[in-house]
2 protein chains.
Amino acid sequence: MLVQDVRNSVIDVADLNQLKWDLNRLQPVDVGEYITQLPSKQRAIAFRLLNKHQATDVFEYLPPEVQEELINSLHDVQVVQIVENMSPDDRAELFDELPAKVVRRLLQQLSPEQRQVTATILGYPEGTAGRVMTTEYVRLREGLTVGEALSKIRRQDEDKETIYYAYVTDDNRKLVSVVSLRQFLFTFPDVLIRDIAGDRVVKVKTETPQEEVARVMKRYDLIALPVVDREDRLVGIITIDDVVDIIEEEATEDIQKLAGVSGGDEATLSSPLVTLKKRLPWLFGVMLLYIGASSAIAPFQSTISMVPVLAVIMPLFSNTGGTVGIQALTVTIRGLGVGEVTPKDTLKLLRKELTAGLGTALALGLTMICLSLIWAPPEERWVSLIAGTVMAINTLVAVTLGTLLPMVLKRLKLDPALVSGPLVTTMLDAIGFVIFLTLISTALRLFHLK
Amino acid sequence: MLVQDVRNSVIDVADLNQLKWDLNRLQPVDVGEYITQLPSKQRAIAFRLLNKHQATDVFEYLPPEVQEELINSLHDVQVVQIVENMSPDDRAELFDELPAKVVRRLLQQLSPEQRQVTATILGYPEGTAGRVMTTEYVRLREGLTVGEALSKIRRQDEDKETIYYAYVTDDNRKLVSVVSLRQFLFTFPDVLIRDIAGDRVVKVKTETPQEEVARVMKRYDLIALPVVDREDRLVGIITIDDVVDIIEEEATEDIQKLAGVSGGDEATLSSPLVTLKKRLPWLFGVMLLYIGASSAIAPFQSTISMVPVLAVIMPLFSNTGGTVGIQALTVTIRGLGVGEVTPKDTLKLLRKELTAGLGTALALGLTMICLSLIWAPPEERWVSLIAGTVMAINTLVAVTLGTLLPMVLKRLKLDPALVSGPLVTTMLDAIGFVIFLTLISTALRLFHLK
C-alpha cells in the first residue's frame, strides 16, 4: 500500500535532498498527510521543498487549520501563486474556512478572472450544485470539427479538472450536448463535433441540492456532470471525486442524526465542546419528552407498588419495543436517503412492515408471556397475559411509527432524519407504558385481584 | 430532469414505433426502470424493441428477478448475445443470482474467452477486489510509442469499460505504470509510453476487501484502480461507478447494523420474511440480554415497591443513558467506517469522549436531581441525590463503552458494527440499574429511611 510507503520513506527530516525527491514524487494526498503530522514549525520547511505544481496539489489536501497556518508562514508571493492555481471549487472551500480579513487580502491579489470565478461560486448557497462545482471544463462550439476541437483542447491549460468529457454549447453558451474524449479517438479529424455528440445530456441546475447531484451521478454512472444556470447556460461541472465525498457525508449525517447527534456532522475527533453542542440538545430533548410521558405514568405509581413484577417487566418492554421501532425507522430513513423508496411507496412499505410486524408481534408477545410467567410470583401471574398482549400491540405501533414518521416528514419536504432514534423510543415507551398500566389497573379494579 | 422525461415519453405502449425510437435514445438506466415497472407480460415485448447495443446496456440495469424472467422468455440466441456482451463484472453478478441450472446452460454457450473470464471472477470470494473488478481494460507494453499505443487502442473494442487510463505492463504482465489518456493528447506520437507514464501506481490485490478498495480510490481521487494477483500481474480494474455503489452499501450496512438489523443489508422493500429473518435475532438478543440483567435486578423488587418514585425515575434513567451510549457508539463506528480514526486513536478518542462526557454527566446529573425532587413525595426526596449521582456515573460508563467496544473489535480485526445499539443500551440499563438499586437499598438499610 502506498500510504505505508510514504510514512516510511520520509521519516528522516535531516536529509533534505532525499526528502525533496520523495515529496515531489509521492501522491499529493500522502504528502499532505505527512506534512499535517509534522510538528507545526517544520510544516513550512517541508512545504517549501515542493515544486510549484506539487505545492498546489498538496495544498488542496491539507486540513483547513494547516492551510491557514501555511498561509500565514509562507511568503505572500508563494501563497498567491498556490491559491491562484487551486481548482475553483477547492479555493471556494478554503475561503469558506479562512478569516474574512485573510480572504479579502487574498482575493485582491488574485487575477481578475480567478477572483470573479471564486466570487461566483461563493455566491451560491452551501450544499447546492453551484457551490461544489468547478469552472474548469472544456467547452466546444457546435460547429467545430474533431480536429479543431483537439487542437483547441491541446492549446488550453493541461490542468482542466477533467478533459474526459467536453461540453458542446451554442452561441448563447447554452448546453447542447456532451462528447466523450474516447469518441475523439475513434473518429476522423474532419468529422463535425455535432455529429458525434450524443443528445442525451444529463445536467443539473446551480440550485440543485448536493444530495440530488450525487443521486443523478450515481444513477447515470457519470464521472462528470454539467451544471447550468436558470437560462440553461453552462456554468460549471461537478466531478465524481467530489460526489464520492458528498455520498459519504450524507450517510454520516443520516447515521448520526438517527443516533441523536444534532446536525449529524460531528467529526470523530472534534473538540469536546463541539461534541457537547451536538449531543446535549437531544439528551435534554429525551428528558423533556420523558417529563411529558411521566405525567402520564405518574398516576400509576400505586399500581406499580401493588404489582412489583412490573418493575422487572417494564424495562424489557421498553428495550424491546424501542429496538423494533428503531429498526423500522432506520430502514425507512436509509431507504429514503439512497432513493430506494419515495413517499409514493408509503403504503407499500407500511404493508411490508406490518406484515413482518405481525410475525414479530406474535414472537415477542409469546416470549413476553413466558418470561413474565417465570418472573412473577404465583399471585401476579395474571399480569403475563396483559404483558404479552401489550408487547404485541406495542410492536405494531413501533413499526407503524418508525415507517410513517420519516415518510410524512419527507412528504412535507422536511428532513426525514429529524425523527431520531431517541424520539421514537421515548414515544414508544410512553405509549406502551400507558396502555400497559391502564390495562393492569383496570384489571385490578374489575377483578379485585389485590 | 431526465428521469421525468422518460416516464412521460414512453407511456403510450400502443405506438410501438415511437416507443422503439424512445427506448433506443434514452439512458439505459431509465429504460431499465421503465421496463421493470411494466406488467410482466409486456417486458419482453418492450425489450425486443432495443437494438443490440442498447439491449446489453439496459439489461445490466435490470433487477435480478427481471433479468431472470427475460432470460426465460427471450430466444436463446438473443440471451447469449446479451450475456456475451455484458461487462464481466456485471455478468458475474448476474450469475450469482441465477439458478445453477441456468448458469450452466449459459456458460456452455458463451465464447471460451468470456467463459474463462467469468469463471475467474466468480472464483474470488464475495466482497473482494477480484469479485468486483472487470477484465476489460487497456493494457500496453512498455516499449510502445504513443502513436503505436493509440492505434492499438483504436483497433480494440470500443467497449472497454474505461479507456481513460491505460496500464503499462512488462513482459511478464507485471504492472509497471499507468498512463492517462489525457497525456496522449499532449504528447507527440513518437514519444515512448515509458517516458510519459508516471511511476506512482496505486493498486490493490485481488483479495483486498471492497471497503479497502473504496477507501483507496477515494483517497487518491481515482476513476479506475488496477487489481493485481499475488505475483503482481495485472488481472483487472475496478471503476469508480462500482465504488460509489460499494460506499453506499457499506454505509447502509453500518447504519442498519447499529439499529440491530443483522447483516445490515435489508432492502427497504424486501419481503416481510427477509425482514423477520434480519430483525428477530437482535430482538431475541435484547430479550436474552435482559434476562441476564433481570436476574441482577430481580432481588431489588422489594426496594422498588418500597420507593414507588423509582418506577418513574428508572425509565428516564434508561432512556437518557442509552442515548448517551448510542451517540458515542455511532460516532466511533462511523469514524472507523470512513477511516477518520483507527484503533491507534483509541486513547485520543477516549480522552475527547470523556472530557465531553464529564460535561454531559454534570448537566444530566443536575437535571436528574431537579426532576426527582419534583416527582418524589416529600418522604422519598433523598432518592434524588442518588439518582443524580448514578446518572452522572452512568453517562461516563456509556461514553466509555460506546467508544471502547467498537475500537476493541476493530483491533481484533472483527467488524466494529457487531456492537449494535440494542446491545449497548441493554448493557447500560443493567449496569445503571444495579448501581442505582444497590445504593438505594444500602441507604434504606443504613439510615432506616423507611
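Residues numbered from 1 in each chain as written. Chains lettered and ligands numbered in written order. Predicted model: local features only at pLDDT ≥ 70, side-chain atom pairs only at ≥ 80, totals over all residues. Heavy atoms only, no water.

### With respect to the relation of the copies chain A and chain B
So, point 1. Laying chain A over chain B is done by rotating through 180° and shifting 0.1 Å along the axis; what remains is an RMSD of 0.1 Å. In short, the pair behaves as if placed about a two-fold rotation axis. Taking the C-alpha atom as reference, chain A places Ser305 of chain A closest to the rotation axis, 2.3 Å from it.
So, point 2. Mapped onto chain B, 100% of the interface residues of chain A are again interface residues, and the two copies thus contact each other with one and the same surface. (Least-squares fit on C-alpha atoms with pLDDT ≥ 70 in both. Contact = heavy atoms within 4.5 Å.)

### Some words on the environment of Gly147 of chain A
So, point 1. Relative to the helices and strands, Gly147 of chain A resides in helix α12 (residues 146-155).
So, point 2. Residues Gly147 of chain A and Val191 of chain A, spaced 44 residues apart in sequence, show a C-alpha to C-alpha distance of 7.9 Å. (Helix = DSSP H or I, 4+ residues; strand = E, 2+ residues; numbered from the N terminus.)

### Side note on the UniProt feature "transmembrane region" (unreviewed entry) in chain A
Residues and elements named next belong to chain A.
So, point 1. Residues annotated by UniProt as "transmembrane region" (unreviewed entry) correspond here to residues 280-300, 306-333, 354-376, 382-405 and 417-440.
So, point 2. The straight-line gap between the two end C-alpha atoms of residues 354-376 is 31 Å; of that span, 96% is helix and 0% is strand.
So, point 3. Across residues 417-440, the secondary structure splits into 83% helix and 0% strand, with the terminal C-alpha atoms separated by 35 Å. (UniProt positions renumbered as here; feature names shortened; annotations may be inferred.)

### Looking at the pattern of salt bridges
Opposite charge on two side chains permits pairing when their charged atoms draw close.
So, point 1. All told, the structure shown has 41 salt bridges over all chains when counted by the stated rule.
So, point 2. A salt bridge links Glu266 of chain A to Lys352 of chain B; the nearest nitrogen and oxygen atoms lie 2.7 Å apart. Placement of Glu266 of chain A in the loop between α16 (240-258) and α17 (272-297) and of Lys352 of chain B in helix α20 (residues 346-375) is noted, with the two residues assigned to different chains. Each member of the pair, Glu266 of chain A together with Lys352 of chain B, is buried.
So, point 3. Here the salt bridges do not stand alone but share partners, grouping Glu266 and Arg279 of chain A together with Lys352 and Glu353 of chain B into one network. (Salt bridge = Lys/Arg side-chain N within 4 Å of Asp/Glu carboxyl O. Buried < 20%, exposed > 50% of the residue type's maximum accessible area, 1.4 Å probe, protein only.)

### Observations concerning the pairing of strand β3 (residues 175-180) of chain B
Every regular strand shows the same layout, with side chains that alternate between the two sheet faces.
Residues and elements named next belong to chain B.
So, point 1. For β3, a buried count of 5 out of 6 residues is recorded, marking the element as mostly surrounded by other parts of the structure.
So, point 2. Bridging between strand β2 (residues 165-169) and β3 involves 5 bridges; their strand directions are antiparallel. Counted as the bridge partner of Thr169 is Leu175 from β3.
So, point 3. Here β2 folds back onto β3 in antiparallel fashion, the turn holding 5 residues, of which Arg173 has a positive phi close to 70°. (Pairing = 2+ DSSP bridges.)

### Describing the UniProt feature "domain: CBS" (unreviewed entry) in chain A
So, point 1. UniProt annotation of "domain: CBS" (unreviewed entry) refers to residues 192-253 of chain A when read in the numbering used here.
So, point 2. Annotated as residues 192-253 of chain A, this span is 45% helix and 21% strand, and its ends, taken at the C-alpha atoms, are 46 Å apart.

### Structural notes on the sheet that holds strand β1 (residues 139-141) of chain B
Residues and elements named next belong to chain B.
So, point 1. With mixed pairing, the 3 strands of this open sheet are ordered in space as β1-β2-β3. What marks the edges here is a single partner per strand, and that holds for β1 and β3. Taking the axes of each pair of neighbouring strands and ignoring which way they run, one obtains an average angle of 35° across the sheet. (Axes fitted to C-alpha atoms, helices over the stretch in contact; angles between N-to-C directions.)

### Concerning the nonpolar core
Side chains of a nonpolar character, in soluble globular proteins, are inclined to be buried together.
So, point 1. Ranked by size, the top nonpolar core spans 108 residues in total, and within it Leu310, Phe436 and Ile440 of chain A together with Leu310, Phe436 and Ile440 of chain B carry the most contacts.
So, point 2. Aside from chain neighbours lying at most four places away, what touches Leu310 of chain B is Thr303, Ile304, Pro315, Val383, Phe436, Leu437 and Ile440 of chain B. (Core = buried A, V, L, I, M, F, W, Y, C linked by side-chain atoms within 4.5 Å.)

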